[in-house]
Structure formats: structure tokens, C-alpha cells
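Structure assessment
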Amino acid sequence: MEEKVNSNTMTARFAGLLYLILVITSGYGMMYVPSKLIVPGDGVATANNILTHEFLFRSAIASHIFSQVIFMMLALVLYSSA
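Residues numbered from 1 in each chain as written. Predicted model: local features only at pLDDT ≥ 70, side-chain atom pairs only at ≥ 80, totals over all residues. Heavy atoms only, no water.

1. Digging into the overall build of the protein chain
The helix and strand inventory of the protein chain stands at 3 helices and 0 strands. Along the protein chain, helices (α) and strands (β) appear in the sequence α-α-α when read from the amino end. When the backbone C-alpha atoms are referred to their principal axes, the protein chain occupies close to 65 × 20 × 15 Å. Here the analysis covers contacts within the protein chain between residues at least 6 apart in sequence; of these, 70% occur between residues at least 24 apart. Of the roughly 6,200 Å² of accessible surface on the protein chain, a fraction of 71% belongs to carbon and sulfur atoms. (Helix = DSSP H or I, 4+ residues; strand = E, 2+ residues; numbered from the N terminus. Contact = heavy atoms within 4.5 Å. Areas by Shrake-Rupley, 256 points an atom, 1.4 Å probe, with all protein chains shown as cover.)

This is how it looks when you write it as C-alpha cells:
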């Protein structure tokens, strides 16, 4: 019985860590980067910002991909604990 409780605790902590990583990477890719690159109503200025800050744009793409991988891992961890 003690092993089952310890296993559930470790699974819950790992899921919590994955949620934390998911929030940080998603927040960066969905909130921070668009606020720096997108100029509402001005497509030319937005394109110029993307060309000027290419690393920021590419890091947002990598952040989106990484957050989706973390989300799939989280689903697997929560499914395996049920």
C-alpha cells in the first residue's frame, strides 16, 4: 500500500512539473513574442519586425513545438496513473 501512495505522489509531482514547463513555454510563445513582433493593422511593420528579430521569431516556433511535446507527455503521464 505504501508503494502505491509513493508512486502516485511521484506521478503527481512529475505531472505538476510538466504543467509548469508547459505554462512557461506556452506563455513565451503565445504571449511574449507576439506582443514584441506583431503591429496591429500594419502588416509591413510586422514583417519588418520578424525580419529584424529573426531569432525571437524562430524561438517562438521552437517554443510552440516544445510545448506540444510536453503536452503529449503530460497526457501520457496522467493516462498511465489512472
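2. As for the packing of aromatic side chains
The description of an aromatic ring pair rests on the distance of the ring centres and on the angle between the ring planes. Summed over the entire model, instances satisfying the criterion amount to 1 aromatic pair. For the pair Tyr-28 and Tyr-32, a centre-to-centre distance of 5.8 Å together with 20° between the ring planes defines the contact as stacked. Linking Tyr-28 with Tyr-32, this pair stays in helix α1 (residues 2-37), spanning 4 residues, or about one helical turn. Judged by relative accessible area, which is 41%, Tyr-32 ranks as partly exposed. (Phe/Tyr/Trp six-rings, centres within 6.5 Å; stacked < 30°, edge-to-face > 60°. Buried < 20%, exposed > 50% of the residue type's maximum accessible area, 1.4 Å probe, protein only.)

3. Overview of the nonpolar core
Membership of the largest hydrophobic core is limited to 6 residues, which are Ala-15, Leu-18, Leu-22, Ile-70, Leu-74 and Val-77. Beyond its immediate chain neighbours, meaning those up to four positions away, Ile-70 contacts Leu-18, Ile-21 and Leu-22. (Core = buried A, V, L, I, M, F, W, Y, C linked by side-chain atoms within 4.5 Å.)

4. Things to note about helix α3 (residues 54-81)
Here α3 is 28 residues long and its end C-alpha atoms lie 41 Å apart, about the 40 Å a rise of 1.5 Å per residue gives. Along α3, the positions that sit buried rather than exposed are Leu-56, Ser-59, Ala-60, Ser-63, Ser-67, Ile-70, Leu-74 and Val-77. (Expected span 1.5 Å × (residues − 1).)

5. Notes on the side chain of Ser-63
In this structure, Ser-63 sits in helix α3. Apart from residues lying up to four places away in sequence, Ser-63 is in contact with Thr-25, Tyr-28 and Gly-29.

6. Some details on the pattern of salt bridges
Enumeration over the complete set of coordinates arrives at 1 salt bridge. Arg-58 is paired through a salt bridge with Glu-54; the nearest N and O atoms lie 2.8 Å apart. With Arg-58 and Glu-54 both in helix α3 and 4 residues apart, the pair spans about one turn of that helix. Given a relative accessible area of 53%, Arg-58 falls into the exposed group. (Salt bridge = Lys/Arg side-chain N within 4 Å of Asp/Glu carboxyl O.)

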